[in-house]
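Given next are the chains, with one letter for each unit.
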Amino acid sequence: MSQRTAIEKLRKDVSNRLKDGLTIIVLGASGDLAKKKTFPAIFSLYKDGFLPKNIEVLGYARSDLDKQEFHERVASNLELEEEDNKKVADAFIQLCHYVKGKYDEDESFKSLDKYICESEKKRGLKGDQTNRIFYMALPPGVYIQVSKGLSRFVRSKEGKTAIVIEKPFGKDTESAVELVNEIKKLFKEEEVYRIDHYLGKELAKNIMNVRFSNTIFRPIWNNHYISSVQITLKEPFGCEGRGGYFDEFGVIRDVLQNHLLQLFSLIAMERPIRHDSEAIRDEKVKLLRCVKPIELEDCLLGQYVKNGDKPGYTEDETVHDDSLTATFATLVLWIENERWDGVPFILKNGKALDNSKAEIRIQFKQVPGGLYQDVPRNELVFRIQPGEAIYVKFNNKVPGFSVDSMMTELDLTYQSRYDNLKIPAAYETLLLDVMRGDHSNFVRDDELVAAWNIFTSLLHQIETDKIKPEPYPYGSRGPEKLDEFVKKYGVERLEHVNYQWPKQNLEG
């Protein structure tokens with residue numbers, strides 16, 4: 001299917017399902033998430049012709065904003081490189097409106113519903129055209145409270161209702177179960193979309209295609225050939241500006257329990273029986289229930305400290321001076337099933353590191369026998385960002401008179417391989433999935449609980465025993481013990497890792 005055909009099919013799916021009528025309500029519309037992610041994603045869908053013909057985007061928050069202030073906030077992060085985009089943006093902004101209201105007051109939700117009903121009437125929407133998507137760009141502490149108000153007073157009476165919830169979904173198993181049970185009383189599971197934006201990234205969406213549409217990978221995707229799997233997200237910035245939030249949740253809850261665990265699930269799950277959302281999520285749940293709860297010995301924690309003019313974590317005025325919150329974590333997951341028994345899955349994330357990178361690195365076992373001495377191990381790498389790529393590191397004869405082996409790459413870098421490449425932002429693709437009613441890339445309730453069961457005992461032990469994280473300088477690779485820690489799991493760090501792949505010099 002060509003790109004153009006695929007786009008037309010998606011547009012038709014949206015149109016048929018929503019009958020060309022929709023109101024998107026962004027709760028928390030005055031916050032950073034809405035400004036930087038939600039509104040730009042909705043604008044991209046508008047610009048690319050995916051939104052229904054009869055659309056209104058409604059911001060809702062406690063802030064006292066007039067129409068101009070709200071429009072300026074919406075416009076502040078829209079991509080407007082070309083002149084045409086500015087005209088399109090102006091038209092989009094005219095579709096955006098704002099209602100001020102509280103999150104804990106029935107009258108506010110009644111007023112919100114009244115506004116939406118009047119808007120739907122003005123736009124001529126009737127019956128199954130009165131669809132509503134509620135996007136909760138809100139702090140987790142108000143999810144249940146807001147969900148109650150939406151369910152009682154604002155949900156669509158005749159059209160489709162969807163509620164989009166941002167992570168973190170709870171802080172441990174107990175709080176996640178409470179959240180699931182409370183939301184379940186208010187909305188059907190098919191109406192709930194627990195969004196993890198990493199599932200909307202291009203390379204994450206490609207993992208299933210690579211695994212299940214290529215015969216060459218099927219026989220080697222197991223513990224007979226794979227030595228270890230590393231899933232890494234490195235962030236070059238610290239927690240400045242969000243230290244208060246981060247100090248409450250920490251790096252494991254913020255990234256590893258959701259983003260990296262989702263990538264882990266796609267790499268390790270069994271083949272779904274069908275290519276639909278429930279079959280895919282069934283396999284994720286089966287996998288997560290096979291993962292042992294993480295033990296402290298399989299955990300390395302770190303916290304960044306001052307380096308030159310870069311401040312340490314505890315120097316943030318919103319963070320306690322004696323905070324033991326980890327800003328770096330490496331955790332090892334063990335799967336108790338036939339395919340993966342004995343293979344360590346190493347999840348790594350850290351703030352204030354030396355560069356920006358998100359990747360999955362599958363390292364294969366050492367070549368048996370001694371025909372070629374000390375050749376490096378093969379690796380299959382999914383580079384999620386920056387610059388989408390898939391590449392295989394393999395050993396090849398040095399061209400010319402030499403009979404020695406050298407490591408090189410079979411390289412699929414998207415930017416150099418594909419013409420007219422346009423990769424939509426993760427939030428854009430996921431919002432499109434919400435409009436289409438596709439849950440494949442969203443977290444199901446039982447999946448959420450199974451995920452928390454892996455991390456909860458470790459999190460409680462860290463907090464109860466007041467485990468002190470290892471210090472590491474802002475802008476470094478992480479704690480000094482990192483290489484030693486991963487080495488004990490059989491990981492071989494290749495000396496000539498190279499992300500630019502220039503032509504290799506055969507001289508010397």
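Model, not experiment: these values are computed from the prediction.

Here is what the cut-offs are and how they apply
Residues numbered from 1 in each chain as written. Predicted model: local features only at pLDDT ≥ 70, side-chain atom pairs only at ≥ 80, totals over all residues. Heavy atoms only, no water. Helix = DSSP H or I, 4+ residues; strand = E, 2+ residues; numbered from the N terminus. Rg over C-alpha atoms; globule rule 2.2 N^0.38 Å. Buried < 20%, exposed > 50% of the residue type's maximum accessible area, 1.4 Å probe, protein only. Contact = heavy atoms within 4.5 Å. Areas by Shrake-Rupley, 256 points an atom, 1.4 Å probe, with all protein chains shown as cover. Lys, Arg positive; Asp, Glu negative; His and termini not counted. Charge placed at Lys NZ, Arg CZ, Asp CG, Glu CD. UniProt positions renumbered as here; feature names shortened; annotations may be inferred. Pairing = 2+ DSSP bridges. Axes fitted to C-alpha atoms, helices over the stretch in contact; angles between N-to-C directions. 1 Å grid on protein atoms, 1.4 Å probe; cavity = no way out; pocket = protein on both sides within 12 Å on 5 of 7 lines; lining within 4 Å. Points joined across faces, edges and corners; volume = space filled by probe spheres on them. Nonpolar A, V, L, I, M, F, W, Y, C, P; charged D, E, K, R; others polar. Expected span 1.5 Å × (residues − 1).

A. Structural view of the overall build of the chain. Across its full length, the chain holds 14 helices and 16 strands. Here the C-alpha atoms of the chain give a radius of gyration of 24 Å, agreeing with the 23 Å that 2.2 N^0.38 yields for 508 residues. When the backbone C-alpha atoms are referred to their principal axes, the chain occupies close to 80 × 55 × 45 Å. Out of the 508 residues belonging to the chain, those deemed buried represent 53%. Sequence-distant contacts in the chain: of pairs separated by 6 or more residues, those separated by 24 or more amount to 77%. Put simply, the chain shows about 24,400 Å² of open surface, and 48% of that area lies on carbon and sulfur atoms. When the 74 positive and 81 negative side-chain charges of the chain are each reduced to one mean point, those points stand 4 Å apart.

B. Just the UniProt feature "domain: Glucose-6-phosphate dehydrogenase C-terminal" (unreviewed entry) in the chain, in detail. Mapped onto this structure's residue numbering, the UniProt feature "domain: Glucose-6-phosphate dehydrogenase C-terminal" (unreviewed entry) falls at residues 208-490. Note that residues 208-490 is 30% helix and 24% strand, and that its end C-alpha atoms are spaced 26 Å apart.

C. Region of interest: the environment of Lys36. With respect to the element layout, Lys36 can be found in helix α2 (residues 32-47). Its relative accessible area of 46% is what places Lys36 among the partly exposed residues. Between the C-alpha atom of Lys36 and that of Ala75, which follows or precedes it by 39 residues, the distance is 10.0 Å.

D. Spatial organisation of the sheet that holds strand β16 (residues 470-473). Taken in spatial order, the nine strands of this open sheet run β14-β13-β12-β11-β7-β10-β9-β8-β16, and their pairing is mixed. The sheet terminates laterally at β14 (405-413) and β16, the two strands that pair on one side only. Across the sheet, the axes of successive neighbouring strands diverge by a mean angle of 20°, strand direction being ignored. As paired elements, strand β8 (residues 299-305) and strand β9 (residues 328-333) share four bridges and run antiparallel to each other. By the bridge assignment for β9, Leu300 is matched with Thr330. Its contacts with the sheet place helix α9 (residues 243-268) against β7 (226-234), β8, β9, β10 (345-350), β11 (357-364) and β12 (379-385), and it is angled at close to 145° to β10.

E. Fine view of the layout of surface pockets. When its volume is computed, the second largest pocket comes out at roughly 1,400 Å³. Around the second largest pocket sit 39 residues that line it, and Gln3, Ala6, Leu10, Glu202 and Lys205 are the ones nearest its centre. Mapped by element, the contributors of at least two residues to the lining of the second largest pocket are α1 (3-18), α8 (202-212), α10 (277-288) and α12 (426-436). Taken together, the residues of the lining of the second largest pocket break down into 18 nonpolar, nine polar and twelve charged.

F. Broad picture of α8. Of the positions making up α8, those classed as buried are Leu203, Ala204, Asn206, Ile207, Met208, Val210 and Arg211. Where α8 is buried, its residues contact α9, α10, β11, β12, β13 (389-397) and α11 (414-417).

G. Region of the structure containing α1. The terminal C-alpha atoms of α1 lie 23 Å apart, and with 16 residues this matches the ideal 22 Å at 1.5 Å per residue to within 8%. At the C-terminal side of α1, Lys19 shows a positive phi close to 55°.

H. Just empty space enclosed by the protein, in detail. According to the stated counting rule, one finds two cavities of 30 Å³ or more in the structure shown. Taken as a whole, the largest cavity encloses approximately 70 Å³ of empty space. Lining of the largest cavity is provided by Phe169, Asp196, Gln257, Asn258, Leu261, Gln262, Leu288, Val443, Glu447, Leu448 and Ala451. For the lining of the largest cavity, the secondary-structure elements that each account for two or more residues are α9 and α13 (445-464).

I. Focus on the sheet that holds strand β5 (residues 161-166). Sheet architecture is open: seven strands sit in the order β3-β2-β1-β4-β5-β6-β15, paired in mixed fashion. Two strands in the sheet have a free side with no partner beyond their single neighbour: β3 (96-100) and β15 (442-443). As judged from the five bridges shared by strand β2 (residues 54-61) and β3, these two strands associate in the parallel manner. Residue pairing in the sheet places Tyr60 in a bridge with Val99 of β3. In the packing of helix α3 (residues 67-75) onto the sheet, the strands contacted are β2 and β3, and the crossing angle to β3 comes to about 120°.

J. Representation of the environment of Ile273 within the structure. For Ile273, the position within the fold is in the loop between α9 and α10. Between the alpha carbons of Ile273 and Asn395 there is a distance of 36 Å; along the sequence they are 122 residues apart.

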